[in-house]
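# Structure assessment
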Amino acid sequence: MLPVLLSAWLIVALAFALLWVRARQRDHAAVVDVAWAFSLGFLGLFYAFFAPGLAERRWLCAALLGAWSLRLGGHLWKRLSHEREDGRYVTLKAEWGPDPWPKFFRFFQFQALSTVLLSLSLVAVLAQPSSRLGWLDALGAVIAFGSIAGEGLADRQLAVFRTNPVNKGLTCRAGLWRYSRHPNYFFEWTHWLAYVAMSVGSPLWYLSLLSPVSLLWLILKVTGIPPTEAQALKSRGEDYRNYQRETNAFFPWFPRR
């Protein structure tokens, strides 16, 4: 499996290096988010062709990760084509000085490496010794497709809210956004629990924990909620502060009075 992983990392690293050249030419770094989502779908397909393990399980994993990848990548691509560059990257450009692109190269390569590390969840699943699909594979599929549906619903509810000019400068509290300030992040994280379920009994089961644990840390502490909410406070002020007081940041729950 190690040669497959090394080959996957080299391919993704080269793709992100070429993407960095294009992003620098256009002075638009947010395209890395789209590439991050699509590259995970590519890795699922790559493993389906070249990794060891039960063929049915390889293709099931490719289907689950591919469906997640296509939905998220397509959503981000649509946003990228209609909206200005994400405020997180605008802030990074300001912090990194007049020529931020050398640092962005390292950032792009970190994103490439992160996709390979996340894909270790699939490695754990494919190491399953069972010779046929079972109920744990079915449970994983339910979790995976449920999370895709939940994230898609959250993104749709936010998009509908934003299209109404009456809501300009206000915070979305519709649907899932009433119970979590970031339901899209919650369901994105939930997707990776599918591979934890599917890896039960695998000798490499512990690798499946890397994705949900690292993603939870990144979302809560680094690249997810902190910069997103800092930008929201700048643009929506007191309305968003009230939202923070009323609504859980991540795990959905009933709003507080």
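On a predicted model such as this, the values are computed, not experimentally measured, just so you know.

Moving on to the nonpolar core. Generally speaking, a soluble globular protein has its nonpolar side chains buried in company with each other. With 58 residues, the main nonpolar core has Y47, F104 and F108 as its most contacted residues. In this view, F108 contacts F16, L19, W20, A23, A29 and V32; residues no more than four positions away in its chain are not counted. If you look at the next biggest cluster of nonpolar residues, it comprises 8 residues, including A154, L158, C172 and Y243.

Here the focus is the environment of E229. Mapped onto the elements, E229 comes out in helix α11 (residues 225-246). Classification of E229 by relative accessible area gives buried; the value is 7%. The sequence separation of E229 and F104 amounts to 125 residues, and the corresponding C-alpha distance is 22 Å.

So, about the pattern of salt bridges. It is possible for side chains bearing opposite charge to pair when their charged atoms get close. A complete count under the given rule lists 10 salt bridges for this structure. A salt bridge links K93 to D27, with the nearest nitrogen and oxygen atoms 3.3 Å apart. Here the residue K93 occupies a position in helix α4 (residues 87-95), and D27 occupies one in the loop between α1 (2-26) and α2 (31-50), the gap between them amounting to 66 residues. The class of K93 is buried, set by a relative accessible area of 15%. With a closest N to O distance of 3.8 Å, R241 and E238 form a salt bridge. You can see R241 and its partner E238 sitting in helix α11, 3 residues apart, about one turn around the helix. Here R241 falls in the partly exposed class, since its relative accessible area comes to 36%. Taking relative accessible area as the criterion, E238 reaches 45% and is therefore assigned partly exposed. Residues participating in the shared-partner salt-bridge network are R71, E151 and D155.

A few words now on the packing of helix α7 (residues 135-163) against helix α8 (residues 183-191). Helix-helix packing: each pair is described by the crossing angle between the helix axes and the interaxial distance. Where α7 contacts α8, the two axes come as close as 8 Å, and the packing angle between them is 165°. Taken together, the axis directions place α7 and α8 in an arrangement best described as roughly antiparallel. The two elements α7 and α8 meet at a crossing, and its hand is left-handed. Only P183, N184, F187, E188, T190 and H191 of α8 make contact with α7, whose side of the interface consists of I143, A144, G146, S147, I148, G150, E151, A154 and D155.

Our next topic: the environment of G53. Looking at the secondary structure, you find G53 in the loop between α2 and α3 (55-82). Classification of G53 as partly exposed rests on a relative accessible area of 36%. Residues G53 and S211, spaced 158 residues apart in sequence, show a C-alpha to C-alpha distance of 20 Å. In contact with G53, other than residues within four places in its own chain, are R58 and L126.

Turning our attention to the confidence of the model for the chain. Averaged over every residue, the pLDDT of the chain is 91; residues scoring 70 or more account for 100%. Predicted confidence in the chain is weakest over α4, with a mean pLDDT of 79, and strongest over helix α9 (residues 193-198), with 96.

A surface patch of nonpolar side chains, about 630 Å² in accessible area, is lined by L2, L6, W9, L10, L113, L117 and L210. Elements represented by at least two residues in the nonpolar patch include exactly α1 and α5 (101-118). Ranked by residues supplied to the nonpolar patch, first place goes to α1 with 4 residues.

Thresholds applied
Residues numbered from 1 in each chain as written. Predicted model: local features only at pLDDT ≥ 70, side-chain atom pairs only at ≥ 80, totals over all residues. Heavy atoms only, no water. Core = buried A, V, L, I, M, F, W, Y, C linked by side-chain atoms within 4.5 Å. Buried < 20%, exposed > 50% of the residue type's maximum accessible area, 1.4 Å probe, protein only. Contact = heavy atoms within 4.5 Å. Helix = DSSP H or I, 4+ residues; strand = E, 2+ residues; numbered from the N terminus. Salt bridge = Lys/Arg side-chain N within 4 Å of Asp/Glu carboxyl O. Axes fitted to C-alpha atoms, helices over the stretch in contact; angles between N-to-C directions. Parallel < 35°, antiparallel > 145°, perpendicular 65-115°, else oblique. Left-handed = near helix turned anticlockwise from the far one by under 90°. pLDDT = per-residue confidence, 0-100. Patch = residues over 30% accessible without salt bridge, like charges linked within 9 Å, V, L, I, M, F, W, Y side chains within 5 Å. Areas by Shrake-Rupley, 256 points an atom, 1.4 Å probe, with all protein chains shown as cover.

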